[in-house]
Amino acid sequence: MSSQPPIGQIPSAVRNAPGVPVIRNVNWGGLRTLYVKEVRRFFKVQLQTIWAPAITTLMFLVIFTVANGARSPVRVGGTDVPFADFIAPGLIVMGMLNNAFANASFSLLVGKIQGTIVDYLQPPLSTAELLAALTGGAVTRAFCVGATVWLAMSLWPGVHVTPQHLWAVLWFGLLGAVFLSFAGVLSSIWAEKFDHAAAVTNFVIAPLTLLSGTFYSVDHLAPAFRAFSHVNPFFYVISGFRYGFLGTADSPVALGSIVILGIDVVLGLLCYSLLRRGWKLKS
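Conventions and cut-offs
Residues numbered from 1 in each chain as written. Predicted model: local features only at pLDDT ≥ 70, side-chain atom pairs only at ≥ 80, totals over all residues. Heavy atoms only, no water. Helix = DSSP H or I, 4+ residues; strand = E, 2+ residues; numbered from the N terminus. Buried < 20%, exposed > 50% of the residue type's maximum accessible area, 1.4 Å probe, protein only. Contact = heavy atoms within 4.5 Å. Areas by Shrake-Rupley, 256 points an atom, 1.4 Å probe, with all protein chains shown as cover. Lys, Arg positive; Asp, Glu negative; His and termini not counted. Charge placed at Lys NZ, Arg CZ, Asp CG, Glu CD. Patch = residues over 30% accessible without salt bridge, like charges linked within 9 Å, V, L, I, M, F, W, Y side chains within 5 Å. Salt bridge = Lys/Arg side-chain N within 4 Å of Asp/Glu carboxyl O. Axes fitted to C-alpha atoms, helices over the stretch in contact; angles between N-to-C directions. Parallel < 35°, antiparallel > 145°, perpendicular 65-115°, else oblique. Left-handed = near helix turned anticlockwise from the far one by under 90°. Nonpolar A, V, L, I, M, F, W, Y, C, P; charged D, E, K, R; others polar. Core = buried A, V, L, I, M, F, W, Y, C linked by side-chain atoms within 4.5 Å. Expected span 1.5 Å × (residues − 1).

Brief notes about the overall build of the chain
Okay, so step 1: Secondary structure assignment for the chain yields 11 helices and 2 strands.
Okay, so step 2: Ordered by position in the sequence, the α and β elements of the chain form the string α-α-β-β-α-α-α-α-α-α-α-α-α.
Okay, so step 3: Across the 283 residues in the chain, those meeting the buried criterion constitute 46%.
Okay, so step 4: Long-range contacts, defined as pairs at least 24 residues apart, comprise 77% of the intrachain contacts of the chain with a sequence gap of at least 6.
Okay, so step 5: For the chain, the exposed area adds up to about 14,500 Å²; of that, 67% sits on carbon and sulfur atoms.
Okay, so step 6: Counting 18 positive and 10 negative side-chain charges, the chain places the centres of these two groups 10 Å from one another.

Comments concerning a nonpolar patch on the surface
Okay, so step 1: A cluster of nonpolar side chains, contributed by W167, W171, L174, L261, V265 and L269, occupies part of the molecular surface with about 570 Å² of accessible area.
Okay, so step 2: Elements represented by at least two residues in the nonpolar patch include exactly α7 (166-190) and α11 (253-277).
Okay, so step 3: By the element assignment, L261 lies in helix α11.

Here we look at the packing of helix α3 (residues 83-104) against helix α6 (residues 127-154)
Okay, so step 1: For the pair α3 and α6, interaxial distance at closest approach is 8 Å and the crossing angle is 150 degrees. Taken together, α3 and α6 sit at an angle that is classed as roughly antiparallel. Crossing hand, α3 versus α6: right-handed. Within the contact between the two elements, α3 uses A88, L91, I92, G95, M96, N99, A100, A102, N103 and A104 and α6 uses G137, A138, R141, A142, F143, V145, G146, V149, W150 and M153.
Okay, so step 2: Of the residues in the contact of α3 with α6, the class split is 14 nonpolar, 5 polar and 1 charged.

Side note on the nonpolar core
Okay, so step 1: Grouped together as the largest cluster of nonpolar side chains are 72 residues, with contacts concentrated most on L108, M153, L180, V185 and F241.
Okay, so step 2: With 14 residues, the top contributor of residues to this core is α3.
Okay, so step 3: Beyond its immediate stretch of four places on either side in the chain, L180 contacts L97, A100, F101, I205 and F234.

Considering α11
In an α-helix there are 3.6 residues to a turn, and that puts residues three or four apart on one side.
Okay, so step 1: For α11, built from 25 residues, the straight-helix expectation of 36 Å at 1.5 Å per residue is met to within 8% by its first-to-last C-alpha distance of 36 Å.
Okay, so step 2: Restricting attention to buried positions, one finds in α11 the residues V253, G256, S257, I260, D264, L267, G268, C271, L274 and L275.
Okay, so step 3: Elements in contact with the buried residues of α11: α4 (107-114), α6, α7 and α10 (233-246).
Okay, so step 4: Note on α11: the residue one or two positions beyond its end, G278, has a positive phi of about 75 degrees.

Put into structure tokens, the structure is as follows:
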């Protein structure tokens, strides 16, 4: 006798009929698994992904304070601030931004190059869940680097990095990290080899970061360069983040928050659309 069930009858071991979704809302288990995988990936090489960027950023602080004098004042928003205290917040968030981009631009790209992109596309994760896990891993790395740099600077003599407005530090740190995470995801979707991702880093991310007022106050620039700084989104991230430490900024904090939040929304929707279509990801 055949052990097969009658036609149309669902086997008792099967809980749902074919085509009936088992995960009806958010796949929290899958989302958490991919997020943990992304975090473990950079933690396994933390000497390269966390400590090395922190040391490099700290070297910037040492070099610039020695060259310009740790107590040389910089005028920010009508207030004179010691140069070391001025440059430290910018360096912290610059390290966060660069590492958020580096982490987000790696996962999908290495999957395409190694032929393991199916590991991201085949699991029962929605497009939003996939994007959230990739972005969450990059933001986590950014805050790990930022916390490491802040701790090192807090122990450095002559530098004061005690936050005056903790909400601004966390808010603009989050906005900036999400901004660069989405940019990294876009880069990894577009890029076909590591040279492409490196080109984006060297010719887009690095110049915009260095020309954003990290090492100087934009009020000291000529009008043309000052106007360029105010259309650079990195400027608003660094200015708002610096406000959290100094209580003063080169631009209105509310304006910077609106600008970066708007950019995050636009980039998030663009990432979602491209991932959903499988552009350059699916054959």
